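Each chain, letter by letter, is given below.
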Amino acid sequence: MRVLKQAAGMSKDATFSRNQPSVADGGGKVPVEHLEYHYIGKCRDVRYLEMILTVLRSGAEGIYPHLIEFCESHLEKLDPGSRALRKENRVATAASLPTDEWSQIVEDLKMWQEETKRTESSPKQTSVSKEKWNSSKRTLPRDYREWDNFDAEEECERIERNLIKSSPAVIMNTRPHQIKTKVDVTLLTEHEKLPLANREKDKGNEAFRANDYEEAVAYYSRSLSIKTTVAAFNNRAQAEIKLKHWHKAMSDCQRVLELEPGNVKGLLRRAIVYNHMGNFRKAAEDLRVVLLEEPQNPTAMQLLYKTEKRMEKDEPQQQHKKILIQEVEDVADCGDETKAEKTAHPVEASQPVGGEESSAAPGRREDMGNAQKKPHGRGDRGPHGDSSAPHHGPRRGKGASSDKYRAANDGGEKVANGTGRRGSTASVPADWSGGSKASHAGGAVNLDAPCGALPPPLARLKNEGNLLFKNGQFADALEKYSQAIQGYTDSGIDSPDDLCTLYSNRAACYLKDGNSQECIQDCTRALELQSFSLKPLLRRAMAYESLERYRKAYVDYKTVLQIDCGVQAAHDSVNRITRLLIEQDGAEWREKLPDIPLVPLSAQQHRREEPPSAEVLQARAEKAAMDTERKAEVRFTALKQEGNDFVKKGQYQEALGKYSESLQLKPEECSIYTNRALCYLKLERFAEAKEDCDAALRVEPNNKKAFYRRALANKGLEDYLACRADLQEVLQQDPNVQEAEKELEEVTLLLRQSLAITDASLAKPRKTVPITEVDGDEETASVSVSGASHGAEAATINLRPTNAYEFGQALNTARCGRNTAACADLLASTTPETLPQLLSTQLDGHTVDFVMQALDTHLLERDPNLVYRHLNHLHTADRFSVVLMLLEKDERHHMTQLFKHLSTVQSSEFTKNDVQNLANKYI
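Since the structure is predicted, the reported quantities are computational estimates derived from the model, not experimental observations.

### Quick notes on the packing of aromatic side chains
Given two aromatic rings, their pairing is described by the distance between the two centres and the angle made by the two planes. Throughout the structure, instances matching the rule amount to 8 aromatic pairs. A centroid spacing of 5.2 Å and a plane angle of 65 degrees characterise the contact between phenylalanine 208 and tyrosine 213, whose relative ring orientation is edge-to-face. Exposure remark for phenylalanine 208: the relative accessible area of 21% places this residue in the partly exposed category. For the ring pair phenylalanine 469 and phenylalanine 474, a centre distance of 5.1 Å and an interplane angle of 65 degrees mean the geometry is edge-to-face. Here phenylalanine 469 and phenylalanine 474 have matching classes, each one buried. In this arrangement the basic side chain of lysine 666 is found over the ring face of phenylalanine 636, its NZ or CZ atom lying 4.8 Å from the centre.

### Digging into helix H22 (residues 550–563)
Here H22 contains 14 residues, and its C-alpha end-to-end distance of 20 Å stays within 8% of the 20 Å for a straight helix at 1.5 Å per residue. The buried fraction of H22 amounts to 12 of the 14 residues, a majority that puts the element mostly inside the structure. Those residues of H22 not exposed but buried are Tyr550, Ala553, Tyr554, Val555, Asp556, Tyr557, Lys558, Thr559, Val560, Leu561, Gln562 and Ile563. As for H22, its buried residues are in contact with helix H21 (534–546) and helix H23 (568–585).

### So, the pattern of salt bridges
Within the structure shown, the criterion is met by 38 salt bridges. Between arginine 540 and aspartate 556 there is a salt bridge, with the nearest N and O atoms lying 2.8 Å from each other. Pair noted here: arginine 540 is in helix H21 and aspartate 556 is in helix H22, with a separation of 16 residues, a long-range link. Note on arginine 540: relative accessible area 15%, which makes it buried. Under the relative-accessibility criterion, aspartate 556 is labelled buried at 4%. Note that lysine 666 is salt-bridged to glutamate 633, the shortest N-O span being 2.7 Å. Linking lysine 666 in the loop between helix H25 (652–665) and helix H26 (670–682) with glutamate 633 in helix H24 (residues 614–649), this pair joins segments that are 33 residues apart in sequence. You can call lysine 666 partly exposed: its relative accessible area is 28%. According to the relative accessible area criterion, glutamate 633 is partly exposed, its value standing at 35%.

The rules behind each value
- Numbering of residues starts from 1 in each chain and follows the order in which that chain's sequence is written.
- Where totals are concerned, whole chains, interfaces and linings use all residues; where local detail is concerned, this predicted model gives features only for residues with pLDDT of at least 70, and gives and counts side-chain atom pairs only at 80 or more.
- Note: side-chain values were computed over all heavy atoms of the structure, leaving out hydrogens and water.
- Only rings of Phe, Tyr and Trp enter the pairing, Trp through its six-membered ring, and a pair is recorded when the two centres are within 6.5 Å. The plane angle decides the type: under 30 degrees is stacked, over 60 is edge-to-face, the rest tilted.
- Relative accessibility thresholds used throughout: buried, under 20% of the residue-type maximum; exposed, over 50%; partly exposed, between the two (1.4 Å probe, protein chains only).
- By definition, being over a ring means that NZ of Lys or CZ of Arg is both within 6 Å of the ring centre and within 35 degrees of the ring normal.
- For helices the rule is a DSSP run of H or I covering at least 4 residues; for strands it is a run of E covering at least 2, with both sets numbered from the N terminus onward.
- Here, expected helix span is obtained from the residue count minus one, scaled by 1.5 Å.
- What makes two residues a contact is simply this: any of their non-hydrogen atoms within 4.5 Å.
- Throughout this description, the term salt bridge denotes a Lys or Arg side-chain nitrogen within 4 Å of a carboxyl oxygen of Asp or Glu.

These values are about where atoms sit, not about what they do.
This is the structure:
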């Protein structure tokens, strides 16, 4: 308190100069009066503040935590890098680190201590043996003849070789640094787990930035063992991608999408994994969903563009691998294994599948399921008949038609499963394809529509389940299907087809929810009721694959291909599983497979080709148009991005080509015109740059970039007046554009220089032209125009000009002779309405000043009304505003004097206010 009392007496008016440092007393100590808030707040001497802070921290004058904190904050504002602000970190102890980490450090220190002891003991023994050996052998001195033959360099090399041989080997710690991937958090609360999990995740981020991906995976795993978070799964998936652990990365991406459906990072990284594993179709689906959420995501756009190019490149190769199967008694298998086919990613538990309206019996084919999804260009045999390209003739004869599994249910309702379009994924439950339209053709869904032999209550339960499944509510749909199955059992109905359909639909719900075991059980029950039903087989194969039971999955996929060889998902999965089984079991992998059942000809659906309906053809055309538009959009975005990249690199000619290609896809895109105009400006092709800017302004009349770049083009074309107009338009839209202000100043200077050159050319002295009258062969004396008197010169001025040229000649003659009276006579004989047109070719600053002097000195006295009318029309002449801006100080003074004199005149045609309003247009 003694410090505060003493500080209270300090003067409040004390001030400090920014450049004059404060001085301590003679002993180098800080006076007590300086240890107070007011003094410290006004002090600007960094060194003196450091001394004050040192005294406060020492506690010699007392402990004042708030004053210390105030002094530190003030010092930090003046000098953030001051050494006095540095604080030492406390030494880490067992209390500040987790138990397992501290035990790991102690273990490493003990091992280092033991290795150090072993290393130190080894050289000592070697040195003792060397001393004993050296004592027994003494080197004799050399005589002078040996010194003459001595080679110093060779001797140095020999000594170095001996030292290398004799040096003991260094014992290195080759034990890998193992990080435990699990943390015991049984005694921690949920509130304590989150910061600890974030701390482990931050360690993983640091390791990832250091390119130590294995250590990053370990720390992310530790974070997940403490608390499950979407960010940790996402980060670990990225680290696994860097390590090329595709299956582990896929598992993490799946967990992310289970915790947060539609997560953009999860979808993007799963697409990267799909792309590396060769499943380009699913990669494209995920990337399209990402672009729906973030349309300007450059990574997704570029990856989608590359993926679709690879898909198109691989399609012709796949077309040549189809086998034409003729109907014979033996069972044909269209799913032959080819190692050359592109591999795809394993089907996870969240693979998009759907329920079905009825079983896939030979006589009935329904709408739900994803067994018929095809890549672009192969003819989509999906549930809604979507197609991205026209079908090829040879393929239609042996593959299933696009409406192969489309059939109206008993009530005419069609059920979608959310996977009809190519861009859908498990995270996008809604469907807007042609099948969805069919299901709502009547407006509202009829939940009471009959379904086979099911009673109305059970049919309603099934329809409700189908509707819930289509909307992505898989758990609710599962409950409805379970109620329908229970009701079927209790009612004692005998309809295996309907019960098979219910089991198959419920299996689809289980597969959507990731419950692969229950899915397998329901598919098996459905197949017991109806053998060789396509959709239960395909869903059971997917469930087996998600559980990594590859042999059983392979058998089911091969059975599916016997039923319908056009199921692309089965083809991809067979090729993928074949590779996995070869890696797992070697060359004998076929011998370890279960028996593949033979499918009878009556169950082979690919042998029954049905012509597509008009609705299917229309849906295909709409889908093709949408795909074409989407591809054009993706191509346009990619070309624009490539052009922007070339501009950043300074490669304007290459960027010009990319922008030109973009304009072929979108001729009405304003930004491409302005970007290409920039390239033309950089290449000094100003006329073409101006054309592009004009085109951009036709699309967007207020585009600021187009005005600015057209101004630069006009400047390059030396059209300074047009350049100035465009720059003024830019500044009118945005007055804060500094580049436009600088350009306007420069262009104004150039415009003045050009007008000065024009005036100089006009002001050149006229040449003397001898005029000779000839009468026959007789010559007379010449008459010099320049030698004429002032009255004679006035007589030569044409006071009745008939056009702008003659008026200009007469005005120039009067101005060269400084004959304001003749100019006044010329103006008196000129109609005021025609004056702007007559002056349009002669308008410059000197001409305007000369006209003003003539009006003021001569015509104002004779006819002030005529002067007012001339002034009222003169400012409407072309380029008058530009000329007015370029007037000199004296010229503006003459104009001011004219209006001052005119305002004093009493006239019936105008008032003083009229003169003042007119003067505002000039001055």
